[in-house]
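# Fold and contact review
Residue-level listing of the chains:
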Amino acid sequence: MRLPKEFSFKSLVMVMLEKVKGCFQKDSFALWGLLVILLNFVMLHGIGFASDLTFWRHWINDLQMGVANFTGNYPPLYVLWLRVVGVIYKVTGLNMDLEYELKQFCLFPVILAHISLAHFVWLRIWKRNWLPEVKTIVMLLVVANPAFYLDGPIWGQVDVLPVTFCVWGLWYASRPKTYAIGMALFMLGLLTKFQMIMFLPVFGALSLRYRRVMWKGLLAMAAAFLLVFLPFILAGNFSKEFAQAYLSTIDEYPYASMNAGNLWMVFSGNMTPQSRPIFEWAPSFMNPGLLGKILFVVVSVAVMALTFFRRLPVSRIMSLAALNAFAFFMILPCMHERYVLAAAVVAIAGVACKNRPVVIWAVLLSMVAFLNISMMTSIRGSALWFWIAMAGIVVMFAYMVHVFAPTALDKALQVCSKVKLPALVPYVLFVLIYAVDVGASYLQQAKTAYHLKKGEMFIYDLKLLHQEQGYGSTHIGKSIDDNPLHVNGRLYLSGIGTHAPSRHVYRLPEKASRFTVICGIDDESGNGVVDFIIELDGQEVWRSGRMEGRMSAAADIDVRGAKKIALITDEMGSKNFDHADWVNPVVFVEE
């Protein structure tokens, strides 16, 4: 296809603006977008992968002093977002140990990308003459795909973001008029996650096909590259960031498979060096490192040739991109479990571009992605029980209506389908929810944070004379499961997380006058039974009585003349789930 002579960058921008404007005029997408937001915010309550979240904390701390201090191995686009997150933490003073808030801030662009991905699928299918049930299935594949939520809001990973760039990039790059936009989006994907190199054979073939305008695509990619790297260039950190984000990661994990259920998991097993031959009798060159690269090159060349020599519709181009992404995961060594998610995302996008819906491959790839990621993390977390219960209640009542009054349910669904909301609503609401949630977190922390005044100290800063407990180890400022302290629905930043039965004995200062504390079962358990006891010099002076989940008690003790204070928890029978917290434990010392 030849490009019109009148085509220019101005017309390119106009095409892009018309596309964006058209997107926001479609009103049927809004309810799907709101469902994406709801599910993401619910799943943020899941327990993430602690070691990866530690990386975010460490990198954010570095970036609070500027991009020149960044020492991580992540590409620059997402690093710039972490820099923004660092500013948010610095301005608000929020506690970075709070997992929900940390994931909420770090995953803002990821959830936004998920909304955009759902929007992409809807724009492709809303006018098609498909059965309503088929459209619903396709939308659920992108809106309620469990692999997306395990990887993103639960675990805390960002894989959906760069793949979404590539999905939109494939759509635009498949047409000569918008080819440059597509190549710029592909570069943004690479600048977010280096693994997006898996789509290079397809984008490369499209570039060769549209070689008359290839220079515009290369120029657009260069502009995106320079724009993203500009803060690092100005900070004098360009070469270091480029090396640690791209060059140093190539051989960082020299294993055949790293928790990835692929070809080498079968032949070599997990965490086996990629240089080891796949059979004991095999020559040294028959190893996953060499064989995997050769096989992947063969697949990539075939994909590139097919894309270049045939004038394929965008749906076939998406399918080839998904195939190459799947081969990237299944054949190459050094793969992590979640790298297969890209293949599932692009396969779903490809279904939406077809004239005739074929969902089987998108379903299978989603299943493979879910099973791989679920081997490393799962849907868990006490805060999720409320939402699981709410979902069960809604389904129960809806099912009862369906059974006893099916016509009423049909009418209700018809009313919902007639609700007209601009497609911009989910995006605006998403930003508003974030603003409200950040404000709520700030107010909650400000309300429960205890700021020591003159003559006050936390009891755990005193000399510890004796410590014992029935399970685990004592945590300061965290629960026994190393989560932020939550008692009776309130967050506390200061306290002792222990497990009944326990005994902690501290030496009191000479002029100590009072001791105040709040105690209760941590909300992460909610199922324990504990009696909290305070002793002075071996004599009991306070007892809470039987304490269960969602209960709290406060003590205010006169400690004048005492030398030792003991904080004791009695398991009252079984010690199962007895996650006991002493929060804001303050000793007052007279001047």
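The preceding data block contains the structure.
Everything in this summary refers to the structure shown in the same document. Only a predicted model underlies this, so the values are computations on that prediction, with no experimental measurement involved. (Residues numbered from 1 in each chain as written. Predicted model: local features only at pLDDT ≥ 70, side-chain atom pairs only at ≥ 80, totals over all residues. Heavy atoms only, no water.)

Here His451 shows up in the loop between α21 (425–448) and β3 (456–458). Remark: the alpha-carbon pair of His451 and Lys354, spanning 97 residues in sequence, is separated by 60 Å. (Helix = DSSP H or I, 4+ residues; strand = E, 2+ residues; numbered from the N terminus.)

Let's shift gears to helix α7 (residues 132–143). For α7, which comprises twelve residues, the first-to-last C-alpha distance of 16 Å matches the rise-based estimate of 16 Å (1.5 Å per residue) to within 8%. Buried within α7 we find Lys135, Val138, Met139, Leu141, Val142 and Val143. Residues of α7 that are buried sit in contact with α2 (30–43), α6 (108–125), α8 (146–155), α17 (341–353) and α18 (360–374). (Expected span 1.5 Å × (residues − 1). Buried < 20%, exposed > 50% of the residue type's maximum accessible area, 1.4 Å probe, protein only. Contact = heavy atoms within 4.5 Å.)

Turning our eyes to something else, we now look at the packing of α2 against α8. What describes two packed helices is the angle between their axes and the distance between those same axes. Between α2 and α8, whose axes approach to 8 Å, the crossing angle comes to 60°. Classified by the interaxial angle, the pair formed by α2 and α8 is oblique. Crossing handedness for the pair α2 and α8: right-handed. Listed contacts from α8 to Val36, Leu39, Asn40 and Met43 of α2 are Tyr149, Pro153 and Ile154. Residue composition of the contact of α2 with α8, grouped by class: six nonpolar, one polar and no charged. (Axes fitted to C-alpha atoms, helices over the stretch in contact; angles between N-to-C directions. Parallel < 35°, antiparallel > 145°, perpendicular 65-115°, else oblique. Left-handed = near helix turned anticlockwise from the far one by under 90°. Nonpolar A, V, L, I, M, F, W, Y, C, P; charged D, E, K, R; others polar.)

One pair of aromatic rings is described through two measures. These are the centre distance and the angle between the planes. Within the structure shown, the criterion is met by 37 aromatic pairs. Residues Phe225 and Phe229 carry aromatic rings whose centres are separated by 4.7 Å and whose planes lie at 45° to one another, so their mutual orientation is tilted. Placement of the pair is Phe225 and Phe229 together in helix α12 (residues 214–234), with a separation of four residues, close to one helical turn. For Phe229, a relative accessible area of 0% gives the class buried. Ring plane angle 75° and centroid distance 4.9 Å describe the contact between Phe308 and Phe309, whose orientation is recorded as edge-to-face. Assessed through its relative accessible area of 26%, Phe308 is described here as partly exposed. A relative accessible area of 67% means that Phe309 is categorised as exposed. Against the face of Trp171 rests Arg175, its NZ or CZ located 4.0 Å from the ring centre. For Arg514, the ring lying beneath its charged end belongs to Phe588, and the centroid distance is 4.4 Å. (Phe/Tyr/Trp six-rings, centres within 6.5 Å; stacked < 30°, edge-to-face > 60°. Lys NZ or Arg CZ within 6 Å of the ring centre and 35° of its normal.)

Quick look at the nonpolar core now. In terms of nonpolar packing, the biggest core is built from 120 residues, with Trp56, Phe199 and Met318 touching the most fellow members. For Trp56, the residues in contact, after removing those within four places along its chain, are Tyr74, Tyr78, Leu82, Leu102, Cys106, Gly156 and Val158. Membership of the second largest hydrophobic core comes to 31 residues, among which are Phe458, Ile521, Phe532 and Val586. (Core = buried A, V, L, I, M, F, W, Y, C linked by side-chain atoms within 4.5 Å.)

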